[in-house]
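# Tertiary structure, described
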There are 2 protein chains.
Amino acid sequence: MTRYSGQSRMLVAVDCIIFGFDGEKLKLLLIKRGFEPQKNKWSLMGGFVQPGEGLESAAARILHKLTGLEGVYMEQLFAFGEPERDPVERTISVTYFALIDINQYVQQLTDEYKAEWVSLDALPDLIFDHVEMVNMAKEKLRYKAAIHPILFELLPSKFTIPQLQLLFEAVYDVTFDKRNFSRKILSTGLLIKQKDKERLSSKRGAFYYKLDKRKYNAKFNSFLNFVTDPGNLK
Amino acid sequence: MTRYSGQSRMLVAVDCIIFGFDGEKLKLLLIKRGFEPQKNKWSLMGGFVQPGEGLESAAARILHKLTGLEGVYMEQLFAFGEPERDPVERTISVTYFALIDINQYVQQLTDEYKAEWVSLDALPDLIFDHVEMVNMAKEKLRYKAAIHPILFELLPSKFTIPQLQLLFEAVYDVTFDKRNFSRKILSTGLLIKQKDKERLSSKRGAFYYKLDKRKYNAKFNSFLNFVTDPGNLK
DNA sequence: GCAAAAGTGTTCCCCCTACACCCATGC
DNA sequence: GCATGGGTGTAGGGGGAACACTTTTGC
């Protein structure tokens, strides 16, 4: 036997929900779709899974094509498969969400996609079910970041505690007490204080910190409580 | 345009990881695969997604075909898509895990599948990448049950606190202090004490409880801490 | 010298943990 | 009356939350 008989085959696509943080707001990297249908409408970056290519490789390929980046934090989100989700043809979409340091993003020279960073709280209309995908990704980001130290992936390798706090506040849309915040973050032991300061956003300057990669990898899967029930998380 | 051109189409399957609890151990509902390849090897229950059918519907259909049950707790787990995962033909498998009350399971009359409940800690070899699927499902069950009240789905509508404790202990492979356990569970306010007792497993008998469905639905998505970091959870 | 952001310490309270004894019943 | 599992109370400790003042420096 070389094939399963009597079954119908479908297109399988991968769509990437790419998060970034500009120091103030959470952003999504969106593109203007380059082909029909809905050409020039806003869309997540995506593409079809090729023969001989796994889902994760497909997502990495697509992310790389858009951003030039490799080794990015990426995680499978959900498989969307309603029969009519793509009006052209039955297509399953497996979504991945990625967290990238927005400063690492370099606009590709051959920018066939017209990619833009868009504020997460002012999203334009998106094609198909992409809004649903984004909403699920936001939820998952909140859920996961409350327990695991993934938000560091959105920051440069050197960052300050106030920057980190702004990031958490953007993700959860709340404000934290800075004393409690810094105590909690430092108590994880994940941060290493640097000798130099960031001097752009204040006169006094704030010390840089770096992730302790060893502890980060070791602790990643243990339960850490970064946020105490910020409303309703799934 | 009626089709995307130049892309290759693939089979899309759904596989169900079906958990049950017999009062002592966690179980999986497995079948002997009824067709080639690997006919008569143990396997998860699965099937191909049909045209015009969504992923979730496909999973519900397959679950129903095997168990006769509807309205079961079910959740998408992960999409597996390595190119060689099914040696016959490129197939994407979207997995769902389901929690069912083992007593509700009725062996179907036309049991073409030879389904059996198998202890989770003594799994036989499974076809393809099904072992990986099961391991991921176990992990996710632990992860989720530590925070959300999903384990009730594995029990009958009336259950006792000692039964519930046995279930938690089976899931996390630990033992809990019964005083702390019952205080914690009751403090959620999710349980309603019944007037009658279960009298099989002890002379004194243990009071039955039922889920408060209203509070259950309302609180489902808030963070509840059922388990304090039971080792390494993802 | 003043405005603006960084940095730090303490108290209180709640929840989690550890731990031991009595109760109800079938035999 | 004894063995078996059900059910409860308490004390201590740790961590989260609330809260205010000093420091640094550019202007």
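Structure first, text after, so check above.
Residues numbered from 1 in each chain as written. Chains lettered and ligands numbered in written order. Predicted model: local features only at pLDDT ≥ 70, side-chain atom pairs only at ≥ 80, totals over all residues. Heavy atoms only, no water.

## Things to note about the interface of chain B and chain A
Opposite the 48 residues of chain B that make contact, chain A presents 48 residues. Together, the buried faces of chain B and chain A total about 4,300 Å²; carbon and sulfur atoms form 58% of this surface. Looking only at chain B, the three residues that lose the most surface to chain A are Tyr4, Asn221 and Phe223 of chain B, adding up to 17% of its buried area. Glutamate 89 of chain A is paired through a salt bridge with arginine 3 of chain B; the nearest N and O atoms lie 3.0 Å apart. Across the chain B-chain A interface, the total number found is 21 residue pairs in polar contact (both at pLDDT 80 or more). Looking at the side of chain B that touches chain A, the elements with two or more residues in it are β1 (11–21), β5 (73–80) and β6 (91–99) of chain B. (Contact = heavy atoms within 4.5 Å. Buried area = accessible area lost by both parts, 1.4 Å probe. Salt bridge = Lys/Arg side-chain N within 4 Å of Asp/Glu carboxyl O. Polar contact = N/O pair within 3.5 Å; in protein donor to acceptor, adjacent residues only side chain to side chain. Helix = DSSP H or I, 4+ residues; strand = E, 2+ residues; numbered from the N terminus.)

## Some details on the packing of aromatic side chains
Residues and elements named next belong to chain A. In this structure the tally under the stated criterion is 22 aromatic pairs over all chains. Pairing tyrosine 73 with phenylalanine 220 gives two aromatic rings, centres 6.5 Å apart and planes at 50°, and the pair type is tilted. Taken together, the residues span a long stretch of sequence, with tyrosine 73 in strand β5 (residues 73–80) and phenylalanine 220 in the segment after α5 (213–219) at a distance of 147 residues. This pair shows no difference in class: tyrosine 73 is buried, exactly as phenylalanine 220 is. Between phenylalanine 78 and phenylalanine 80, the ring centres sit 5.1 Å apart and the planes meet at 70°, which makes this aromatic pair edge-to-face. Given the relative accessible area of 4%, phenylalanine 80 is considered buried. Members of the aromatic cluster, connected to one another through ring pairs, are Phe168, Tyr172, Phe176, Phe181 and Phe226. (Phe/Tyr/Trp six-rings, centres within 6.5 Å; stacked < 30°, edge-to-face > 60°. Buried < 20%, exposed > 50% of the residue type's maximum accessible area, 1.4 Å probe, protein only.)

## With respect to the relation of the copies chain B and chain A
The two copies are related by a screw motion: chain B maps onto chain A through a turn of 180° and a shift of 0.0 Å along the axis, at an RMSD of 0.0 Å. The transformation relating the two chain copies, once decomposed into turn and shift, fits a two-fold axis. Counting the interface residues of chain B, we find that 100% of their copies in chain A are interface residues as well, pointing to one common contact surface. (Least-squares fit on C-alpha atoms with pLDDT ≥ 70 in both.)

## What to know about the protein's contact with DNA strand D
Looking at DNA strand D, there are 19 residues lining it, with Arg179, Asn180 and Arg204 of chain A together with Arg179 and Arg204 of chain B nearest. The sugar-phosphate portion of DNA strand D accounts for 36% of its atoms within 4 Å of the protein, the bases making up the rest. Contact distances for DNA strand D include 2.6 Å between a base oxygen and a side-chain N or O atom of arginine 204 of chain A. Lysine 178 of chain B places a side-chain nitrogen or oxygen 2.8 Å from a base oxygen of DNA strand D. Looking at the surface near DNA strand D, the element that brings in the most residues is helix α4 (residues 178–187) of chain A, giving 4 residues. Residues of the surface near DNA strand D, tallied by class, amount to 3 nonpolar, 5 polar and 11 charged. (Near = heavy atom within 4 Å. Nonpolar A, V, L, I, M, F, W, Y, C, P; charged D, E, K, R; others polar.)

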